[in-house]
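A closer look at the structure
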Amino acid sequence: MSDALHPGHVLASEGLPTGIARADAERRAAGKSVHTEPAAVRIALVLVALAFLGLFIGLPLVVVFVEALKRGAAAYVSALANPDALASIRLTLLVAAISVVANLVFGLVAAWAIAKFEFPGKSTLITLIDLPFSVSPVVAGLAFVLLFGAQGLFAGYLAAWDVKIIFAVPGIVLATIFVTFPFVARELIPLMQEQGTAEEEAAVSLGASGLSTFFRVTLPNVKWALLYGVLLCNARAMGEFGAVSVVSGHVRGLTNTMPLHIEILYNEYQFAASFAVASLLALLALVTLVAKTILEHRLAEEDT
Amino acid sequence: MTHRSAPFSALFAGVALTLAAGTALAADTTLLNVSYDPTRELYVDVNKAFAAEWAKSHPGDTLKVNQSHGGSGKQARSVIDGLEADVVTLALAYDIDAIAEKGLIAKDWQKRLPENSAPYTSTIVFLVRKGNPKNIKDWDDLVKPGVKIVTPNPKTSGGARWNYLAAWGYALKKNGGDEAKAKDFVKALFKNAPVLDTGARGSTITFVERGIGDVLLAWENEAYLSVNELGPDKFDIITPSLSILAEPPVTVVDKVVEKKGTRAISEAYLKFLYTPAGQEIAAKNYYRPRDEQVAARHKDTFAKVDLFTIDQVFGGWQKAQKTHFGDGGVFDQIYAN
């Protein structure tokens, strides 16, 4: 339905790239290459890249699974069925769910505002959105302790209302939202800026309401980028260690997320159990990778 | 079931970020014991035994004791920042003093329970590789050239402070109370310790898992645990001729138990540590029991060693902390050059 509203978009995606693809295919069929480097250099470059990736990314991933299954499948399952491990998995899922929803809403709103409107302080807002990328997570965690801790700025109010933030689930959620802040917004802003406001203007001039313009024009236009941002946001939310470690209080079965639980198990000499939980996070990474590849493919199709 | 539903109820509160309580209070009692690194296994056992004991005298009630572990100083900081510990069981009195200074615990806390509020003790021993290839028998062997020592950083680790003070006390006694010679000795010792982890458990992992160093200065209980967990065929425990009596103290956090109404049960929990049953659990986890009968039963486990206390040699924790571990203190002078 959205296609009908932006014919120009469809035209662009049909014309040019397929032409290039065809030329590329012809060149390949003719056995010609655009590269001028000798074969040896090319092979060497590829090998170096592969060796580097294998050593620094592939091997650690393999080690995690090997260690996790060292004591057999039964030990692996029982490590994951442990009540504290289950609690950490539940907490991680909960925190990720809240953070992703919060940042999804925020990311859309911020990107919408930045891409479609002009207002004073716009560049400041963009800089602020990027801030979590440049601030160390530990500093972020400590900042929350300084704000919401018992010696912190809001200590009096929090005590009066008997609200617990630090060393409880809300603190962990806050810290996670902070470190995952930029992911959705950063994916959407360039895309929405590029798309401009022409389609929305067209929709409105055809009589669509604001809400229906958003859901039938804006949202469909950015849906793959949005999903991509959510994916990255989720991966980071589940894997975050530093900021969460500072605000967690490390109470077993209550405020330990999966990354924290992994460290605890490792420090308790329960190496197999520790890597069993770690393997879940590694699996998440693999799933993210596959989903990311699919989304990138979709994004490329939409973009061109 | 109670703590399972807590995070989910927080989901709805959390989405709107109204920041409702993350830990809902149920009719059943939940205590939080904030402790230091090596006591994880000890308090798993204590909590189980005490819950059973409590259920006997209070049928129908259920009790769950949650645990939080980390470096002693860091844990104290968390309690100060609002981690709602009903009881703290830390590595040294100084860390509890720090909490008391903020008004969360009565200043005279150490007099509230017997034996300086330390229901069990420990000491500092050496863990060496099997067969003791560097022939390390006593503190003097640690300063020999070519011996690599693994110990955590006294600035951040309670255990490391005990290590440091044990070495200092030994050198002081050997040199007839000459402070300058004791300083030289400890300086030579730290020259042989090139890497300082932040916590006791980190150092143990460095020594045991990564195979770094010839000797680990460790809590006695930590040394036994590593030997048991990772194979008696890999390590030997060496007990020096003289060491320090480490008294890890426990106390109730007054502000928290008053707010939660858990004073009675928290005090019962700590007193349980002094009962024969509690002492037996401590001994089984390689903490030296105070109870003489329990100690007699385990006399083969704990090597005989002359022990001095921090009060005897250093005039208490406040003084030792200020002289040795404060900014610009003796440790800073030793380690700077």
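Residues numbered from 1 in each chain as written. Chains lettered and ligands numbered in written order. Predicted model: local features only at pLDDT ≥ 70, side-chain atom pairs only at ≥ 80, totals over all residues. Heavy atoms only, no water.

Residue and element names in this part refer to chain B. In terms of residue burial, strand 2 (residues 63-70) counts as a mostly covered element, since seven of its eight residues are buried. The pairing of strand 1 (residues 29-36) with strand 2 spans eight bridges and is classified as parallel. When the sheet's bridge partners are listed, Leu 32 is paired in strand 2 with Asn 66. Once the chain exits strand 1 it traverses helix 2 (residues 40-57) before rejoining the sheet at strand 2, and the crossover so formed is right-handed. (Buried < 20%, exposed > 50% of the residue type's maximum accessible area, 1.4 Å probe, protein only. Helix = DSSP H or I, 4+ residues; strand = E, 2+ residues; numbered from the N terminus. Pairing = 2+ DSSP bridges. Right-handed = clockwise from strand over helix to strand, strands pointing away.)

Another point: the domain arrangement of chain B. All names here are of chain B. For chain B, the assigned domains are domain 1 (28-118 + 248-273) and domain 2 (121-246 + 305-336). With centres defined by C-alpha atoms, the gap from domain 1 to domain 2 works out at 27 Å. The interface formed by domain 1 and domain 2 includes one salt bridge. There are two residue pairs in polar contact (both at pLDDT 80 or more) connecting domain 1 and domain 2. Elements that contribute at least two residues to the side of domain 1 that touches domain 2 include exactly helix 2 and helix 4 (93-101). (Domains from an automatic or database assignment. Salt bridge = Lys/Arg side-chain N within 4 Å of Asp/Glu carboxyl O. Polar contact = N/O pair within 3.5 Å; in protein donor to acceptor, adjacent residues only side chain to side chain.)

Glancing now at the packing of helix 5 (residues 83-116) of chain A against helix 13 (residues 258-267) of chain A. Residues and elements named next belong to chain A. Their axes nearest at 8 Å, the elements helix 5 and helix 13 cross at an angle of 155°. Compared by their axis directions, helix 5 and helix 13 come out roughly antiparallel. Across the interface between the two elements, Asp 84, Ala 85, Ser 88, Ile 89 and Thr 92 from helix 5 touch Met 258, Pro 259 and His 261 from helix 13. Partitioned by chemical class, the residues of the contact of helix 5 with helix 13 number four nonpolar, three polar and one charged. (Axes fitted to C-alpha atoms, helices over the stretch in contact; angles between N-to-C directions. Parallel < 35°, antiparallel > 145°, perpendicular 65-115°, else oblique. Contact = heavy atoms within 4.5 Å. Nonpolar A, V, L, I, M, F, W, Y, C, P; charged D, E, K, R; others polar.)

Time to look at the confidence of the model for chain A. Residues and elements named next belong to chain A. Residues at a pLDDT of 70 or more form 88% of chain A, whose mean pLDDT is 85. Mean pLDDT values for the elements of chain A range from 40 in helix 1 (residues 2-5) up to 94 in helix 5. This stretch, residues 1-19, has a pLDDT under 50; its non-local contacts, to residues over four places away or in other chains, come to 15 contacts. (pLDDT = per-residue confidence, 0-100.)

In this section: the interface of chain B and chain A. Accessible area lost upon the coming together of the parts is a frequently used measure of interface size. In this complex, chain B contributes 38 residues to the contact, which on the side of chain A involves 27 residues. When chain B packs against chain A, close to 3,100 Å² is buried across both sides, 65% of that on carbon and sulfur atoms. At the surface where chain B touches chain A, the tally comes to two salt bridges. For the side of chain B that touches chain A, the secondary structure elements donating two or more residues are helix 1 (2-15), helix 2, strand 2, helix 3 (72-80), helix 8 (200-208) and helix 9 (220-230) of chain B. By residue number, the principal contributor to the side of chain B that touches chain A is helix 1 of chain B, which donates eight residues. Split by residue class, the side of chain B that touches chain A holds 13 nonpolar, twelve polar and 13 charged. (Buried area = accessible area lost by both parts, 1.4 Å probe.)

Moving on, we get to the pattern of salt bridges. All names here are of chain B. For the coordinates displayed, the defined rule picks out 29 salt bridges over all chains. The residue Asp 254 makes a salt bridge to Arg 112 at a minimum N-O spacing of 2.9 Å. A residue pair is termed long-range when its members are at least 10 positions apart, and Asp 254 in helix 10 (residues 254-260) and Arg 112 in the loop between helix 4 and strand 4 (120-121) qualify at 142 residues. Owing to a relative accessible area of 9%, Asp 254 belongs among the buried residues under this scheme. A salt bridge links Lys 144 to Asp 141, with the nearest nitrogen and oxygen atoms 2.8 Å apart. Relative accessible area serves as the criterion here: at 41%, Lys 144 is assigned to the partly exposed category. Judged by its relative accessible area of 11%, Asp 141 is buried.

All names here are of chain A. UniProt tags residues 43-66, 87-115, 135-158, 165-185 and 269-291 as "transmembrane region" (unreviewed entry). Helix makes up 81% of residues 165-185 and strand makes up 0%, while its end C-alpha atoms are separated by 26 Å. Counted over residues 269-291, helix gives 91% and strand 0%. Its end C-alpha atoms are 34 Å apart. (UniProt positions renumbered as here; feature names shortened; annotations may be inferred.)

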